[in-house]
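# Structural characterization, general
What follows is the residue order along each chain.
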Amino acid sequence: MKERLVALRDDALKELGAAGDPGVLNELRVKYLGKKGLLTEILRGMGSLSAEERPVIGQVANDVRAAIEAVIDEKSAEFARAETARRLATETIDVTLPGRPAPNGALHPLTKIVQEIEDIFIGMGFAVAEGPEVETDYYNFEAMNLPKGHPARDMQDSFYITDDILLRTHTSPVQARSMEARKGETPLKIICPGKVYRRDDDDPTHSHQFMQIEGLVVDKGIRISDLKGTLLQFAREMFGPNVQIRLRPSFFPFTEPSAEVDVSCVICGGKGCRVCKHSGWLEILGSGMVHPRVLSMSGYDPEKVSGFAFGMGVERIAMLRYGIEDIRHFYTNDVRFLRQFART
Ligand code: DAH
């Protein structure tokens, strides 16, 4: 039995010596040391050995196994080293290849304009308020002194959800909401930016969804000169230190008196050009002194306090500021358009 074991070892070492790849190595491991391998087969005969022979043969068998395993380990380490060397030689990385660009996003031009307008008003002591885009008829119209059946409701064709709920047609309802929340306290100085919706057909100057910024100041002794001074300061910070403003009489149900506010043309400086239709002036917002009924409906006493309010279209301001000729550019999200604002 001892001879068979020694012969087995010699055969194994010879075959292992010739093994050229890890696959063959593994086959040989199975052939010699596997559960059904040749070594196991020989050892099955141990039962017929005498008690003295058994430990001696057992020792020989262990030595044979150890010798074969040692060679297998050595060979597989050798194969692994060769594989690493091969990969190092063949797999090269070109470190001079330029990286893939990761484009930076940018703020939408309307977001930028809103932030700029907010900063200007915050600088004058205003707080920024918000209100819901899905609004009740009460806040959107009623509390703005536009009772049901009022003809001025037609100025703002609406998207109704139910008889009583609609997409707000302007940011003015935030006036009523802010006044209610402050419960008669003064001073109240807020602006409210947000989206509004109207049943308009989209064209270069109309969009069924657009943005407004509402402004409201309520305090003791607020006068129309406060309105004018505030809006002049805004216009100059927005469009440049030399612009002028003018107030033109107008009508809004929620203000009395009401005024449309124009700035001197930011393109021609007031001389007259195509953009201002040769008038020298550009209309930028609606405004007025808060109607006493609007104050009292929302919990303020018009005998004790007064206020002014204004509402402007954000797209209109952005179009003048950036020289954009079609409002639809803001909403079609052509990256060639948006990219131009990435670094301004
Ligand atoms: N809500 C008006 C509109 O959408 C704009 C407006 C005009 C707001 C006068 C006001 C204001 O606060 O006083 O056309």
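Structure: see above.
Residues numbered from 1 in each chain as written. Predicted model: local features only at pLDDT ≥ 70, side-chain atom pairs only at ≥ 80, totals over all residues. Heavy atoms only, no water.

### Here we look at the site of the ligand
- Around the ligand sit 16 residues in total, of which His170, Gln175, Arg198, Gln212 and Glu214 are the nearest.
- For the ligand, an oxygen atom lies 2.9 Å from a polar atom in the side chain of Gln212.
- Its free accessible area being 360 Å², the ligand has 92% of it covered by the protein chains.
- Judged by its atoms lying within 2 Å of the grid points, the ligand is housed in the largest pocket.
- When contributions to the shell around the ligand are tallied by element, the ones reaching two or more residues are β5 (209–219), β8 (281–290) and β9 (306–313).
- Residues that form the shell around the ligand fall into these classes: four nonpolar, ten polar and two charged. (Near = heavy atom within 4 Å. Polar contact = N/O pair within 3.5 Å; in protein donor to acceptor, adjacent residues only side chain to side chain. Areas by Shrake-Rupley, 256 points an atom, 1.4 Å probe, with all protein chains shown as cover. 1 Å grid on protein atoms, 1.4 Å probe; cavity = no way out; pocket = protein on both sides within 12 Å on 5 of 7 lines; lining within 4 Å. Sits in = over half its atoms within 2 Å of the grid points. Helix = DSSP H or I, 4+ residues; strand = E, 2+ residues; numbered from the N terminus. Nonpolar A, V, L, I, M, F, W, Y, C, P; charged D, E, K, R; others polar.)

### Quick word on the packing of helix α1 (residues 2–18) against helix α2 (residues 22–33)
- One way to put it is that α1 packs onto α2 with a least axis distance of 10 Å and a crossing angle of 170°. In terms of orientation, α1 lies roughly antiparallel with respect to α2. Residue-level contacts link Leu8, Asp11, Ala12, Glu15 and Leu16 of α1 to Leu25, Leu28, Lys31 and Tyr32 of α2.
- Each residue belonging to the contact of α1 with α2 can be placed in one class, and the counts come to six nonpolar, no polar and three charged. (Axes fitted to C-alpha atoms, helices over the stretch in contact; angles between N-to-C directions. Parallel < 35°, antiparallel > 145°, perpendicular 65-115°, else oblique. Contact = heavy atoms within 4.5 Å.)

### Details of helix α8 (residues 224–239)
- Compared with the 22 Å implied by 1.5 Å per residue over 16 residues, the 22 Å span of α8 between its first and last C-alpha is a close match.
- Next to the buried residues of α8 lie α5 (109–122), β6 (245–252), β7 (255–264), β8, β9 and α10 (314–322).
- Gly240 sits one or two residues past α8 and shows a positive phi near 130°. (Expected span 1.5 Å × (residues − 1).)

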